[in-house]
Amino acid sequence: MYQKSTFKIKKDPIILGLESSCDETAAAVICGRRLLSDEIISSATEQAKYGGVVPEIASRAHTEAVDEVVCRALKKAGVTVKDLDAVAVTYGAGLLGALLVGLSFAKALAYTLNIPLIAVNHIRGHLAAAYLVDVNLKPPFITLLASGGHTAILHTESYTSFSMLGSTCDDAAGEAFDKVARVLSLPYPGGVNVERLAAGGSGSIKFPQALVSGGNLKFSYSGLKTSVINYCHNAEQKGEKINPADVAYAFQRSAVDPLVKKTVECALKAGVKTVTAGGGVIANGYLRSSLSEACAAAGLKLVLPEKRYCTDNAAMIAAEGLIQYNACNFADMNINAQAQIPLK
Ligand code: KG4
Ligand code: ZN
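None of the values given here were measured: they were computed from a predicted structure.

Visitor: Could you clarify how one ought to interpret the packing of helix H6 (residues 190-198) against helix H8 (residues 244-270) in this entry?
Guide: When two helices pack together, their arrangement is given by the angle between the helix axes and the distance between those axes. The interhelical angle for the contact between H6 and H8, taken along N-to-C directions, is 115 degrees, at an axis separation of 7 Å. On the basis of the axis angle, H6 is roughly perpendicular to H8. Considering the relative orientation of H6 and H8, their crossing is left-handed. Between H6 and H8, the residues in contact are Val 194, Glu 195, Leu 197 and Ala 198 and Pro 244, Ala 245, Ala 248, Tyr 249, Phe 251 and Gln 252, respectively.

Visitor: Looking at this structure, I do not really get the environment of Ile 282. What am I missing?
Guide: Of note, Ile 282 is situated in the loop between strand E9 (274-278) and helix H9 (285-297). Take Ile 282: its relative accessible area is 0%, and that puts it in the buried class. With 29 residues separating them along the chain, Ile 282 and Thr 311 place their C-alpha atoms 7.9 Å apart. If sequence neighbours within four positions are ignored, Ile 282 has contacts with Leu 144, Ala 146, Ala 277, Leu 287, Arg 288, Leu 304 and Cys 310.

Visitor: Got a minute to help me understand the site of ligand 1 in this structure?
Guide: Near ligand 1 you find 20 residues, and of these His 126, Gly 148, Asp 178, Glu 195 and Gly 280 are the closest. Note that an oxygen atom of ligand 1 is positioned 2.9 Å from one of the backbone N or O atoms of Gly 280. A distance of 3.2 Å separates an oxygen atom of ligand 1 from a polar side-chain atom of Asp 312. In isolation ligand 1 offers 550 Å² of accessible surface; the protein chains occlude 85% of this area.

Visitor: So what exactly am I meant to see when it comes to helix H3 (residues 96-113) here?
Guide: Within an α-helix, residues lying three or four positions from one another point in the same direction, as the helix has 3.6 residues per turn. Between its terminal C-alpha atoms H3 stretches 25 Å, which fits the 26 Å expected from 18 residues at 1.5 Å a residue. Inspection of H3 places Ala 98, Leu 99, Val 101, Gly 102, Leu 103, Ala 106, Lys 107, Leu 109 and Ala 110 among the buried residues, and these make up the whole buried set. Where H3 is buried, its residues contact strand E1 (14-19), helix H2 (55-77), strand E4 (86-92) and strand E5 (117-121). Directly beyond the C-terminal end of H3, a positive phi value near 55 degrees is found at Asn 114.

Visitor: Sorry, what's going on with the coordination of the zinc ion (ligand 2) here?
Guide: Think of it this way: four donors in a tetrahedron around the metal ideally sit 109.5 degrees apart, and six in an octahedron ideally sit 90 or 180 degrees apart. Around the zinc ion (ligand 2), the donor atoms from the protein are His 122 (NE2), His 126 (NE2) and Asp 312 (OD), and they sit 2.0 to 2.1 Å away. Donor residues binding the zinc ion (ligand 2) come from one chain and are separated in sequence as H-x3-H-x185-D. Taken together, the residues span a long stretch of sequence, with His 122 in helix H4 (residues 122-133) and Asp 312 in the loop between strand E10 (301-303) and helix H10 (315-326) at a distance of 190 residues. For Asp 312, a relative accessible area of 17% translates into the label buried.

Visitor: Explanation requested: the packing of aromatic side chains in the structure shown.
Guide: Given two aromatic rings, their pairing is described by the distance between the two centres and the angle made by the two planes. In total, this model carries 6 aromatic pairs according to the counting rule given. The interplanar angle of 40 degrees and the centroid separation of 5.5 Å between the aromatic rings of Tyr 131 and Tyr 159 together place this pair among those described as tilted. With Tyr 131 in helix H4 and Tyr 159 in the loop between strand E7 (151-158) and strand E8 (161-167), this pair connects stretches of sequence that are 28 residues apart. Summarising the aromatic geometry, the rings of Phe 177 and Phe 251 are spaced 4.9 Å apart at their centres and angled 75 degrees between planes, so their arrangement reads as edge-to-face. Of this pair, Phe 177 sits in helix H5 (residues 173-183) while Phe 251 sits in helix H8, and the two are 74 residues apart along the sequence. Just as Phe 177 is buried, Phe 251 falls in that class too. An aromatic cluster is built from Phe 7, Tyr 325 and Phe 330, whose rings are joined through pairwise contacts.

Visitor: Can you help me understand the sheet that holds E4 in this one?
Guide: Sheet strands line up and pair through hydrogen bonds in the backbone, either parallel or antiparallel. Strand order across the open sheet formed by 5 strands is E3-E2-E1-E4-E5, with mixed pairing between neighbours. Each of the sheet's edge strands pairs with one partner strand only, and the pair in question is strand E3 (34-42) and E5. Ignoring which end each strand starts from, the neighbouring axes of this sheet average 20 degrees apart. Each of E1, strand E2 (24-31) and E3 touches H2; the most contacted strand, E3, lies at about 155 degrees to it. Across the face of the sheet, H4 comes into contact with E1, E2, E3, E4 and E5 while running at roughly 100 degrees to E5.

Visitor: I'm lost on the side chain of Lys 262 in this one. Help?
Guide: If you trace the backbone, Lys 262 turns up in helix H8. Leaving out residues up to four positions away in the same chain, Lys 262 has contacts with Ile 153, Ala 210, Leu 211, Val 212, Asn 216, Leu 217, Lys 218 and Phe 219.

Conventions we followed
- Residues numbered from 1 in each chain as written.
- Chains lettered and ligands numbered in written order.
- Predicted model: local features only at pLDDT ≥ 70, side-chain atom pairs only at ≥ 80, totals over all residues.
- Heavy atoms only, no water.
- Axes fitted to C-alpha atoms, helices over the stretch in contact; angles between N-to-C directions.
- Helix = DSSP H or I, 4+ residues; strand = E, 2+ residues; numbered from the N terminus.
- Parallel < 35°, antiparallel > 145°, perpendicular 65-115°, else oblique.
- Left-handed = near helix turned anticlockwise from the far one by under 90°.
- Contact = heavy atoms within 4.5 Å.
- Buried < 20%, exposed > 50% of the residue type's maximum accessible area, 1.4 Å probe, protein only.
- Near = heavy atom within 4 Å.
- Polar contact = N/O pair within 3.5 Å; in protein donor to acceptor, adjacent residues only side chain to side chain.
- Areas by Shrake-Rupley, 256 points an atom, 1.4 Å probe, with all protein chains shown as cover.
- Expected span 1.5 Å × (residues − 1).
- Donors = N, O, S within 2.8 Å, 3.2 Å for Na, K, Ca; no water.
- Phe/Tyr/Trp six-rings, centres within 6.5 Å; stacked < 30°, edge-to-face > 60°.
- Pairing = 2+ DSSP bridges.

Next comes the structure, spelled out in structure tokens:
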């Protein structure tokens, strides 16, 4: 029987984080907010052959990698399983078969060691990544969240509560990067390849930026995506050559500028002095430098996770695990993986 009521809460617990929601099998160990280790085995190269993530391939790759990645993380951290105070694992959102690998592994470990199992919402993990960057970071703060499935500005009021100030009406920013990558025949993973291509481009083309006037906090990416597609198709029909680097450059600006502008506006309006960011799109170099400059100009402190902690990783799952641990929010052993979970 799983005895969640008997767990003693420690001040700086050692938590193993596990992530397997997509194509990254990742494990990390934290002690309080100190990151001791962080390991990833990725099946991205295998997935690239198919132009995207094939769920069955991802599940098999997780099954092969999970034991090794956990052993590596424990070894690097200089701990053994007996030192662990809790296991935090992504239970959704993501690919069901992929999630089940990490979740089953975490359940077995927590049950055997009689330590708490903490079920983490993947997106809340992205939000928690900032806590590892600055160990003194405390709510309130404003977060720009931009991943493959979400684009939002959130106001974190306390460690366990936040409100959504703005979100996308249609596509997520990462989804737009991925779709434009496909239009430009770039390989998987799309976002980073659009960024690489854009590095060689210049401002010869302009695409529209959606909903940027009048204090609107919504985002929209479907119009921008259509503009890129139309531009490429029109050129093709006329037999004209496009400059893909200029297309990538113009798209990147139109995708990123509204994110930066609205995040700073939100922070100033809310009277909050600190801004954080999370999710794969935050790994984008143009976004990082624009957001840094805009926050500095507005007198806001920016807590920006390193690129590797913006894309999927287990350190952020352990970080969110710590928040749930401190709130005694432990999972039952019968918890199941979920393909979709609302952010709140
Ligand atoms: O957070 P993440 O790794 O997975 C999700 O939880 O969705 O985000 C993946 C998204 C993808 O859409 C990917 O194209 C985008 O983040 N991405 C980027 C960059 N790196 C990843 N977008 C723009 N520039 C990048 N460097
Ligand atoms: Zn993610």
